[in-house]
Amino acid sequence: MKQQKSPSLLGGAMIIAGTAIGAGMLANPTSTAGVWFIGSILVLVYTWFCMMTSGLMILEANLHYPTGSSFDTIVKDLLGNGWNVINGVSVAFVLYILTYAYITSGGGITQNLLNQLLSSFESAVEIGRTFGSLIFCIVLAAFVWLSTKAVDRFTTVLIGGMVIAFFLSTAGLLGSVKAEVLFNTLAQGEQQYLPYLLTALPVCLVSFGFHGNVPSLVKYYHRDGNRVMKVIFIGTGLALIIYILWQFAIQGNLPRAEFAPVIEKGGDVSALLEALHKYIETDYIAVVLNFFAYMAIASSFLGVTLGLFDYIADLCKFDDSVMGRTKTTLVTFLPPLLLSLQFPYGFVIAIGYAGLAATIWAAIVPALLAKASRKKFPNTTYKVYGGNLMIGFIILFGVLNIVAQVGANLGWFASFNG
């Protein structure tokens, strides 16, 4: 009997990194302006470690169930119907709302790109936002419909393009970083950091979201837990490195006191570039950042919808035949596509709503799954490090994020305004 060849670690790592590195990256420098560079690195490393570990906890539980099993099967068996309903609503809400957010944003960029490509001096072409969203969604949905391998291949190309665009856009910024700006020794404006530590957590959590892909990767790597573990470590590690370099590039050029107009506009990229323009030439950066943003959104869209696809297939018990995958594709993509056509400008609001629900199924539920899994299956081939102490550590991380998000909305904590 011929043994199946396991896919490369690179492909899976690109799916993880592509899912994680998305819109959250562009919001990170603004959301961490209160704690500034050293504080932001500490928050990013802490969040990376907790999110990577919670992903491994999902992997540990998943390996005890048949290939193709996703959250619905695993949570129902280990934690019961109550937690399954809570987790199911959280998973579906986060993945659907992110799919909607990426369609709205990707549709807008597709619209602008096609208008520029198809227009000439003699005649201007103006395709609508609806057409842009349809093209973006249908083309990328086709890769998810085909297979995880197709998503792997295309995401690797997108990540490669992202890395090139990232370094092109940050080359000038990295070379002009000033130590007095990076470490905020200019003594202008607000000089406190600690009061803003908690409120920096939620956006960073969204920046490391990949957990919906774990069941897909278990299936893709033929249930090889060690390979999936390596993929998660490499993929999230790559995301962490890129985030730190981005913090270095932005917070090393734009003084902390100058973040006020950027914060006022919710971390908008154009507002960030406008603020940076006082300190460095940003025209070419704007062009390359648009390419970066497009590839980041496309790769995140593929990663998020791959997780949603497998969750829907498990929930609705659709098989892996052409007809079964077609049904899953329609249930996965049609609702967020129709929503994006009806409400085409809800990207920032949607990302904000995703954070709280993500805390439940990306931190608290994985820790509970690991605890229940070890009790039910004492003889396991793969076990996450740290024992019960690590389970408590991850639950605490989840609780801190919930407190931070709820507290920020209710005005319990100080808010940095520049």
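Each chain carries its own residue numbering, running from 1 in the direction its sequence is written. Per-residue local features of the predicted model are confined to residues with pLDDT of at least 70, and side-chain atom pairs are confined, for both listing and counting, to 80 or more; whole-chain, interface and lining totals are unaffected and use all residues. Side-chain numbers come from the whole structure's heavy atoms, not from hydrogens or water.

Asker: Break down the overall build of the protein for me, with residues and values.
Answerer: Counting its secondary structure elements, the protein contains 16 helices and zero strands. Computation of the radius of gyration draws on C-alpha atoms, with the globule rule given as 2.2 Å multiplied by the number of residues to the power 0.38. A compact globule built from 418 residues should have a C-alpha radius of gyration of about 22 Å, and the protein, at 21 Å, falls within 12% of that. Overall size of the protein, expressed as C-alpha extent along the three principal axes, is 65 × 60 × 40 Å. For the protein, buried positions account for 53% of its 418 residues. Of the contacts made within the protein by residues no fewer than 6 positions apart, 84% connect residues no fewer than 24 positions apart. Values of accessible area rely on a 1.4 Å probe in the Shrake-Rupley scheme; residue burial ignores everything except the protein chains shown. Only carbon and sulfur atoms are counted for the fraction: they give 68% of the accessible area of the protein, which is about 17,800 Å². Charge convention: Lys and Arg are scored as positive, Asp and Glu as negative, and His as well as the terminal groups of each chain are ignored. The atom standing in for a charge is NZ when the residue is Lys, CZ when it is Arg, CG when it is Asp and CD when it is Glu. The protein carries 22 positive and 19 negative side-chain charges, and their two centres are separated by 15 Å. For the purposes of this entry, the term helix denotes a DSSP run of H or I that reaches at least four residues, the term strand denotes a run of E that reaches at least two, and both are numbered from the N terminus. When accessible area is computed with a 1.4 Å probe and restricted to protein chains, residues below 20% of their type maximum are described as buried, those above 50% as exposed, and intermediate ones as partly exposed. Here, two residues are considered to be in contact whenever any of their heavy atoms come within 4.5 Å of each other.

Asker: How would you sum up the pattern of salt bridges? Please name residues and give values.
Answerer: We define a salt bridge as a contact between a side-chain nitrogen of Lys or Arg and a carboxyl oxygen of Asp or Glu at a distance within 4 Å. By the definition in use, this model includes seven salt bridges. Put simply, D320 and K219 hold a salt bridge, and the shortest N to O gap is 3.8 Å. Highlighted residues: D320 in the loop between α13 (283-316) and α14 (322-342) and K219 in helix α9 (residues 214-220), separated in sequence by 101 residues. Classification of K219 as partly exposed rests on a relative accessible area of 32%. One salt bridge connects D314 with K317, and the closest N-O pair in it is separated by 3.6 Å. Given the relative accessible area of 7%, D314 is considered buried. It is possible to trace a salt-bridge network through shared partners that takes in K219, D320 and R325.

Asker: Let's hear about α14: which residues, and what values?
Answerer: The end-to-end C-alpha separation of α14 is 30 Å, in line with the 30 Å expected for 21 residues at 1.5 Å each. Along α14, the residues classified as buried are G324, R325, T328, T329, T332, F333, P336, L337 and S340. The span you would expect from a helix comes to 1.5 Å times its residue count less one.

Asker: Requested: an account of helix α16 (residues 387-410), with residues and values cited.
Answerer: In an α-helix, one turn spans 3.6 residues; hence positions three or four apart end up facing the same way. Compared with an ideal rise of 1.5 Å per residue, which puts 24 residues at 34 Å, α16 spans 35 Å between its outermost C-alpha atoms and is within 8% of the ideal. Burial in α16 covers these residues: M390, I391, I394, F397, G398, N401, A404, Q405 and G407. Of the residues trailing α16, G411 is marked for its positive phi of about 75°.

Asker: Kindly report on the nonpolar core, identifying the contributing residues and their values.
Answerer: Grouping buried Ala, Val, Leu, Ile, Met, Phe, Trp, Tyr and Cys residues that are joined through side-chain atoms within 4.5 Å yields what is termed a nonpolar core. Core analysis: the biggest nonpolar cluster contains 116 residues, and I21 and F292 have the highest contact counts within it. It is α13 that provides the largest number of residues to this core, a total of 16 residues.

Asker: Account for the packing of helix α5 (residues 129-146) against helix α6 (residues 148-175), naming residues and giving values.
Answerer: Angles shown run from 0 to 180 degrees and are taken between the N-to-C directions of axes, each axis being a line fitted to C-alpha atoms and, for helices, limited to the stretch in contact. Across the interface, α5 lies against α6 with an axial gap of 5 Å and an inter-helix angle of 135°. Of the possible angle classes, the one that applies to α5 and α6 is oblique. Taking contact as the criterion, the partners of L140, F143, V144 and L146 in α5 are, on α6, A150, V151 and F154. Each residue gets one label: Ala, Val, Leu, Ile, Met, Phe, Trp, Tyr, Cys and Pro are nonpolar, Asp, Glu, Lys and Arg are charged, and the others, such as Gly, are polar. Here the residues of the contact of α5 with α6 are counted per class, giving seven nonpolar, no polar and no charged. If an angle is under 35 degrees, it is roughly parallel; if it is over 145, roughly antiparallel; if it lies from 65 to 115, roughly perpendicular; otherwise it is oblique.

Asker: How would you summarise the packing of aromatic side chains if you had to cite specific residues and measurements?
Answerer: Only Phe, Tyr and Trp rings are paired, with Trp represented by its six-membered ring, and only when their centres lie within 6.5 Å; those with planes under 30 degrees apart are stacked, over 60 edge-to-face, the remainder tilted. This structure, assessed with the given rule, holds 16 aromatic pairs. Between F143 and F154, the aromatic rings sit 4.3 Å apart at their centres with planes inclined by 5°, giving stacked as the arrangement. Of this pair, F143 sits in helix α5 while F154 sits in helix α6, placing them 11 residues apart in sequence. Aromatic rings pair up to connect Y46, F49, Y385, F393 and F397 into one cluster.

Asker: Can you tell me about a nonpolar patch on the surface, naming the residues and giving the values?
Answerer: Any residue with relative accessible area above 30% and no salt bridge may belong to a patch, with like charges joined within 9 Å and the nonpolar Val, Leu, Ile, Met, Phe, Trp and Tyr side chains within 5 Å. Together, L356, V406, L410 and W412 make up a nonpolar patch on the protein surface, roughly 390 Å² of accessible area in all. Residue L410 is classed as exposed on the basis of its relative accessible area of 53%.

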